[in-house]
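What follows is each chain in one-letter form.
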Amino acid sequence: NSHAGYYPDAFPLTLKIVFHPVTGQLYGAQCVGAAGVDKRIDSIAQIIKHKGTIFDLMETEQAYAPPFSSAKDPVALAGYVAENIINGRMNPLYWREMMEADPSQVTLLDVRPKQAYDIEHIQGAMHIPLEEIRQRLDEIPRDKPVYIYCAVGQRGYLSSNILRQNGFEDVRNLIGGYRLYSAVTRDYCSEAKEAVAPTARKSVAQASDTAVEVNACGMSCPGPILKLKQSIDKVPVGEQLRILATDPGFARDAEAWCETTGHKLIAQESQGGKYIVTIEKTACKEEGTCVNETPSKGKTFILFSDDLDKALATFVLANGAAATGEKVTIFFTFWGLNAIKKENPGSVRKDIWGKMFGMMLPKSSKGLGLSKMNMLGMGPKMMRKVMEVRQVDSLESMRAQALENGVEFIACQMSMDVMGIGREELLDEVTIGGVATYMNRADHANVNLFI
């Protein structure tokens, strides 16, 4: 950004430097942005004039204050990246090489958050967010090069380090990230032709003066989109929301987001480097009025197991699915019912069979064991401790989050009857249903998982 992102009117910069791959001597620089471009080029020009190197960029100092720069200026950051390349800490990939990449010969890996990937991504790319890479290394082929990309390159750099430190030999990070790649590979000629059509561009005049205004300036992708999602949830159906952002890709992202969610794009405009998008909240989500326009994207899960690790996986997937705004249902059957038991249900009357099952089954979710390495109950205790140390939410926290996110919990009535589990033993938010209820939810879903 041209200055500290938390200070108003921080506009993004794209800075390119050309340097000797061994000595680091600077040969040239280019900068594009709405503000702060000239002073960066001025400082770099002085270094070039005196036959300086990228190491001199790293030592560049400026009169720091939030309205004028960040604590680490873009000029110094360019020097840091260049040093990483020279010293072999990062193997760069350039946008022209990415354009020519064959997904059958290389692994394209998108490490951005899921929301950004869902809006738009490079064709053929697999998606593993940076935060999940260590746990999902086995999903990445080791027999071919890995081309990593993120929004601007930082998450890609961290991801490439993780892979290289875990034995991956040919790993490259896309310089400039998807933001630069999408800008230079975009078909502007076709878009210009479409723009002359009467319906191609939304009219600013349609925007309401009473629209709720949200400031997402200074935030990088997917920050503005996440802000949009959080804000649209808070306004009534039929009301408009106006988002201000300085991320150049936000206007296109917002348009794609509206196509995905069914909300109505009212207007797009640009003023002084700011991108202003107005969106009207529709009733598609609440009333299903867009069923004919958009295929069902609900998700259903059947939890059959009472293994702690499998229950964790279920709630992780359910929360991830709920974050997209789609309808999510978990159907708990047989052993899976133990994942939604209350910790202290009080006195429950049972017949002899119910009492026998009760003695053999976990009393609550805190009694669940592991599918492997249970070690007479030591395994789950170790897992919960490691999760606590690494600040991973517990099963009970994930379960509560799922309920807060609107995930529907349905307990199988037949399983409850067979296993002698009473309604009072289950969480209050759980509803009781049977196969017809489950099939109804599955008919409206495009993903159904049995765990």
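Cut-off values and rules
- Residues numbered from 1 in each chain as written.
- Predicted model: local features only at pLDDT ≥ 70, side-chain atom pairs only at ≥ 80, totals over all residues.
- Heavy atoms only, no water.
- Helix = DSSP H or I, 4+ residues; strand = E, 2+ residues; numbered from the N terminus.
- Buried < 20%, exposed > 50% of the residue type's maximum accessible area, 1.4 Å probe, protein only.
- Contact = heavy atoms within 4.5 Å.
- Areas by Shrake-Rupley, 256 points an atom, 1.4 Å probe, with all protein chains shown as cover.
- Core = buried A, V, L, I, M, F, W, Y, C linked by side-chain atoms within 4.5 Å.
- Phe/Tyr/Trp six-rings, centres within 6.5 Å; stacked < 30°, edge-to-face > 60°.
- Lys NZ or Arg CZ within 6 Å of the ring centre and 35° of its normal.
- Pairing = 2+ DSSP bridges.
- Axes fitted to C-alpha atoms, helices over the stretch in contact; angles between N-to-C directions.
- Patch = residues over 30% accessible without salt bridge, like charges linked within 9 Å, V, L, I, M, F, W, Y side chains within 5 Å.
- Salt bridge = Lys/Arg side-chain N within 4 Å of Asp/Glu carboxyl O.
- Parallel < 35°, antiparallel > 145°, perpendicular 65-115°, else oblique.
- Left-handed = near helix turned anticlockwise from the far one by under 90°.
- Nonpolar A, V, L, I, M, F, W, Y, C, P; charged D, E, K, R; others polar.

Brief notes about the overall build of the protein chain
And then number 1: Tallying secondary structure elements over the protein chain gives 17 helices and 16 strands in all.
And then number 2: With the C-alpha coordinates of the protein chain rotated into their principal frame, the extents come out at 90 × 55 × 45 Å.
And then number 3: Within the protein chain, the fraction of its 451 residues that count as buried is 43%.
And then number 4: Of all intrachain contacts in the protein chain linking residues separated by at least 6 positions in sequence, the fraction that spans at least 24 positions is 66%.
And then number 5: Accessible area for the protein chain stands at about 24200 Å²; split by element, carbon and sulfur atoms hold 54% of it.

Quick notes on the nonpolar core
Generally speaking, soluble globular proteins have nonpolar side chains that are buried together.
And then number 1: Ranked by size, the top nonpolar core spans 31 residues in total, and within it F315, I330, F332, I340, V407 and F409 carry the most contacts.
And then number 2: When residues in this core are grouped by element, the largest group, 7 residues, is from helix α12 (residues 308-322).
And then number 3: Counting 19 residues, the second-largest nonpolar core is a separate cluster that includes I232, V235, A245 and I279.

As for the packing of aromatic side chains
And then number 1: Applying the stated criterion to the full structure yields 8 aromatic pairs.
And then number 2: Three or more aromatic residues joined by ring pairs form one cluster here, namely Y149, Y178 and Y181.
And then number 3: Lying over the aromatic face of Y178, R112 brings its terminal NZ or CZ to 4.6 Å of the ring centre.
And then number 4: Above the ring of F168, the side-chain terminus of R142 is found at 4.1 Å from the ring centroid.

Re the sheet that holds strand β11 (residues 274-280)
And then number 1: Read across the open sheet, the 4 strands follow the order β8-β9-β11-β10; overall the sheet is mixed. Both outer strands of the open sheet, β8 (212-215) and β10 (264-271), are each paired with one neighbouring strand and no more. On average, each strand axis in the sheet is tilted by 20° relative to the strand beside it, whichever way the strands run.
And then number 2: In this sheet, β11 lies alongside strand β9 (residues 240-245) in antiparallel orientation, the contact comprising 6 bridges.

Thoughts on the sheet that holds strand β6 (residues 146-149)
And then number 1: Overall, parallel pairing links the 5 strands, which are arranged β3-β7-β6-β4-β5 in an open sheet. Of all strands in the sheet, those with a lone pairing partner are β3 (92-93) and β5 (126-127), marking the two edges.

Concerning a nonpolar patch on the surface
And then number 1: On the surface, a cluster of nonpolar side chains totalling about 640 Å² of accessible area is made up of I352, W353, M356, M359 and M360.
And then number 2: Among the secondary structure elements, M359 is positioned in helix α13 (residues 352-360).

Comments concerning the packing of helix α9 (residues 223-232) against helix α10 (residues 250-261)
Think of two packed helices as two axes; the pair is described by the angle between the axes and how far apart they sit.
And then number 1: Relative to each other, α9 and α10 sit at 45°, their axes nearing to 10 Å. Taken as axis vectors, α9 and α10 run oblique relative to one another. Relative to α10, the crossing made by α9 is right-handed. Along its contact with α9, which presents P224, I225, L228, K229 and I232, the element α10 presents F250, D253, A254 and W257.
And then number 2: When its residues are assigned to classes, the contact of α9 with α10 shows 7 nonpolar, no polar and 2 charged.

Observations regarding the pattern of salt bridges
And then number 1: Taken as a whole and assessed by the stated rule, the structure comprises 17 salt bridges.
And then number 2: Residue R242 is joined to E213 by a salt bridge in which the shortest nitrogen-to-oxygen separation is 4.0 Å. Residue R242 is found in strand β9, and its partner E213 is found in strand β8; the two are separated by 29 residues along the sequence.
And then number 3: E213 sits in the exposed class, given a relative accessible area of 53%.
And then number 4: Between R384 and E396 there is a salt bridge whose closest N-O contact spans 2.9 Å. Taken as a pair, R384 in helix α14 (residues 378-389) and E396 in helix α15 (residues 395-404) lie far apart in primary sequence, 12 residues in all.
And then number 5: Taking relative accessible area as the criterion, R384 reaches 23% and is therefore assigned partly exposed.
And then number 6: Looking at E396, the relative accessible area reads 16%, which means it is buried.
And then number 7: One network of salt bridges, in which partners are shared, links E132, R136 and E139.

These figures capture arrangement, not role.
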